[in-house]
Amino acid sequence: MRLLYSFIWWLMLPLVLLRLWRRGRKEPGYRAHVAERLGFYSYDARLSDPQARFIWVHAVSVGETRAAEPLIDALLQQYPQHSILLTCMTATGRDTGAQVYGKHGARVVQSFLPYDTGWMCGRFLRHFRPAVCVLMETEVWPSLIAQCRRHHVPVMLANARLSARSLRRGLRFAALLRPAAEAIDVVAAQSEADAGRLLAFGARHVEVTGSLKFDVQPPAEMVERGLAWKRAVGERKILLCASTREGEEALILDALAKLGHTDWLTVIVPRHPQRFDEAAAMVRSHGLRLRRRAELEQGGGWDEVDVLLGDSMGEMFAYYALCDVAFIGGSLLPLGGQNLIEALALGKPVLIGEHTFNFQRTTEDAVEAGAAARVEDAVTLLRQWGALVADPDQMAQMAGAAAAFARRHQGATARTMALLAPLLDAAQGRR
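Residues numbered from 1 in each chain as written. Predicted model: local features only at pLDDT ≥ 70, side-chain atom pairs only at ≥ 80, totals over all residues. Heavy atoms only, no water.

Caption draft 1: Structural context of the overall build of the protein chain. What the protein chain contains, in helices and strands, is 19 helices and 14 strands. Computed over its C-alpha atoms, the radius of gyration of the protein chain comes to 22 Å, within 12% of the 22 Å expected for a compact globule of 431 residues. With the principal axes as the frame, the protein chain shows a C-alpha extent of 65 × 45 × 40 Å. Here the protein chain, with 431 residues, has 55% of them falling under the buried criterion. Contacts in the protein chain between residues at least 24 apart in sequence constitute 70% of all its contacts with a sequence separation of at least 6. The positive charge centre, built from 51 side chains, and the negative charge centre, built from 45, are 8 Å apart in the protein chain. (Helix = DSSP H or I, 4+ residues; strand = E, 2+ residues; numbered from the N terminus. Rg over C-alpha atoms; globule rule 2.2 N^0.38 Å. Buried < 20%, exposed > 50% of the residue type's maximum accessible area, 1.4 Å probe, protein only. Contact = heavy atoms within 4.5 Å. Lys, Arg positive; Asp, Glu negative; His and termini not counted. Charge placed at Lys NZ, Arg CZ, Asp CG, Glu CD.)

In structure tokens:
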């Protein structure tokens, strides 16, 4: 089955590369480092050192790259003789890696992960010779994991989550995916529910460690930047619509347009940067007055603005610091929701839609703790926001509950490190 899967990859490769090139029209990063996706790498002098070893962390895109930060920081501190090999699949993920881990200099090396064929994955492993592989969240690649076993590279699935929907989909391809799941040495699951589903999927050694995202520390410079923006805006209350997905902005803007000019400022930050210009045009088409991120440093006049478009990357913590309440996108439509933990960590009351199957347990726990509230649709979102603005005591109570909830769930990094240590010790013993 895996050979057939790899053969299909080879057949589809011309179309995959064509799609990559077309996507590069809007995101030039997709046209860079293409050879890495095929298993070819430029010469690195450090690799000629037989003592050099990498701890390999694979984070597919932006969210996983940010979530890995506390784990990577801990690995670099505890294993000073190792460097980190950070792989991703998206251009925005690679850009985020450069932003987040540039502070570590040459100790963090970035690359795109090759496509999932045995030959390409084998070339990747022979080139970098990692001591251990840490896959973030949901990355179960059959050929990659098989090649790791062949090259004696132990595999951890860290910060692992698996929704009921993903489990049902995965079981349709059990002949291909179950052997890969069974070959993973250890799984660090975010919750008991995730652990149960991962065991049903075929994983063997599963431990509940919690979410690494609770251990991510808001960068002080980003918090200060957001507070400076807030001072520039003035006294208006601010509703942030964070990580909105295609179709959601239209729903929010329809509801806003019916209200006309509002006493508050609405900030919209689309999830994907290639949609920034589309979102700006949508705001204008609704007759709403727009400013963009670059204008935050250009002085006053904010009373005349209806919508601020957050069209920048790497500043989400600043947007959370700017707002009074955060709505988390991907949840008004059946898209599974996005990460609400960063907003909670900054003590922001959270509003979130009904569709949160990618973050179901965390969302339900936050709602139960009084840190978040569900909304049915965009109209309900604005009504709930208005109710919070009218009741400062309730807003303050939710803010306190959010900060307490985030603090209570910290500690996943230490638990994950404890599971990873035996794999690294065994790898050291094989050298």
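Now that the structure is up, let's keep going.
Caption draft 2: How the structure looks around a nonpolar patch on the surface. The grouping of Met1, Leu4, Phe7, Ile8, Leu11, Met12, Leu15 and Leu18 at the surface amounts to a nonpolar patch, some 810 Å² of accessible area in total. On the secondary structure map, Ile8 appears in helix H1 (residues 2-23). (Patch = residues over 30% accessible without salt bridge, like charges linked within 9 Å, V, L, I, M, F, W, Y side chains within 5 Å. Areas by Shrake-Rupley, 256 points an atom, 1.4 Å probe, with all protein chains shown as cover. Salt bridge = Lys/Arg side-chain N within 4 Å of Asp/Glu carboxyl O.)

Caption draft 3: Focus on the environment of Lys237. Residue position: Lys237 is located in the loop between helix H11 (220-233) and strand S8 (238-244). Between the C-alpha atom of Lys237 and that of Met282, which follows or precedes it by 45 residues, the distance is 23 Å.

Caption draft 4: Structural context of the sheet that holds strand S1 (residues 54-58). Spatially, the seven strands line up as an open sheet ordered S3-S2-S1-S4-S5-S6-S7, and their pairing is parallel. Where the open sheet ends on each side, the last strands, each with one partner, are strand S3 (108-112) and strand S7 (206-208). Each strand of the sheet is rotated relative to its neighbour by a mean of 20 degrees, with strand direction disregarded. Looking at chain direction, strand S4 (residues 130-136) and strand S5 (residues 155-160) are connected through four bridges and run parallel. The partner of Met136 across the bridge, within S5, is Ala158. Helix H5 (residues 91-101) rests against strand S2 (83-88) and S3 of the sheet, and its axis sits at about 175 degrees to S3. (Pairing = 2+ DSSP bridges. Axes fitted to C-alpha atoms, helices over the stretch in contact; angles between N-to-C directions.)

Caption draft 5: The packing of aromatic side chains, seen in detail. Using the criterion set out here, one finds 11 aromatic pairs in the structure. Among the aromatic residues, those joined into a ring-pair cluster are Tyr41, Phe54, Trp56, Phe124 and Phe128. In this structure, Arg37 is placed above the aromatic ring of Phe112, and the distance from its NZ or CZ to the ring centre is 3.8 Å. A cation over a ring is seen here: Arg291 above Trp302, with NZ or CZ 4.6 Å from the ring centre. (Phe/Tyr/Trp six-rings, centres within 6.5 Å; stacked < 30°, edge-to-face > 60°. Lys NZ or Arg CZ within 6 Å of the ring centre and 35° of its normal.)

Caption draft 6: Highlighting unusual backbone geometry. For His33, which is not a glycine, the phi torsion comes out positive at approximately 60 degrees. Counting through the fold element by element, His33 comes out in the loop between H1 and helix H2 (34-37). Overall, His33 belongs to the partly exposed group, its relative accessible area being 41%. Its identity as a non-glycine residue notwithstanding, Asn159 has a phi of 55 degrees, on the positive side.

Caption draft 7: Up close: the packing of H1 against helix H7 (residues 142-150). Between H1 and H7, the least distance of the axes is 10 Å, while the angle of their chain directions is 120 degrees. Here H1 lies oblique to H7, going by the angle between them. For H1 against H7, the interelement crossing comes out left-handed. From H1, Arg2, Tyr5 and Ser6 reach across to H7, where they touch Pro142, Ser143 and Ala146. For the contact of H1 with H7, the residue count by class is three nonpolar, two polar and one charged. (Parallel < 35°, antiparallel > 145°, perpendicular 65-115°, else oblique. Left-handed = near helix turned anticlockwise from the far one by under 90°. Nonpolar A, V, L, I, M, F, W, Y, C, P; charged D, E, K, R; others polar.)

Caption draft 8: Main features of the side chain of Thr362. With respect to the secondary-structure elements, Thr362 resides in helix H16 (residues 360-368). By relative accessible area, Thr362 is classed as buried at 15%. Ignoring any residue separated from it by four or fewer positions in sequence, one finds Thr362 in contact with Phe214, Leu340, Ile341 and Phe405.

Caption draft 9: The pattern of salt bridges, seen in detail. This model, assessed by the stated rule, comprises 19 salt bridges. As a salt-bridge pair, Arg23 and Glu27 come within 3.6 Å of each other at their nearest N and O atoms. Owing to a relative accessible area of 30%, Arg23 belongs among the partly exposed residues under this scheme. Sharing partners across several salt bridges, the network here consists of Glu69, Asp73 and Lys103.

Caption draft 10: The nonpolar core, seen in detail. Formed by 45 residues in total, the largest nonpolar core has its most connected members in Trp56, Phe124, Leu157, Val187 and Leu198. Broken down by element, this core gets its largest block of residues, five residues, from helix H6 (residues 118-128). Residues contacting Phe124, with those up to four places away along its chain left out, are Tyr41, Trp56, Leu85, Thr87, Leu113 and Pro114. Core analysis: the second largest hydrophobic core is formed by 37 residues, Phe214, Leu340, Ile341 and Ala372 among them. (Core = buried A, V, L, I, M, F, W, Y, C linked by side-chain atoms within 4.5 Å.)

Read these as spatial facts, not as claims about activity.
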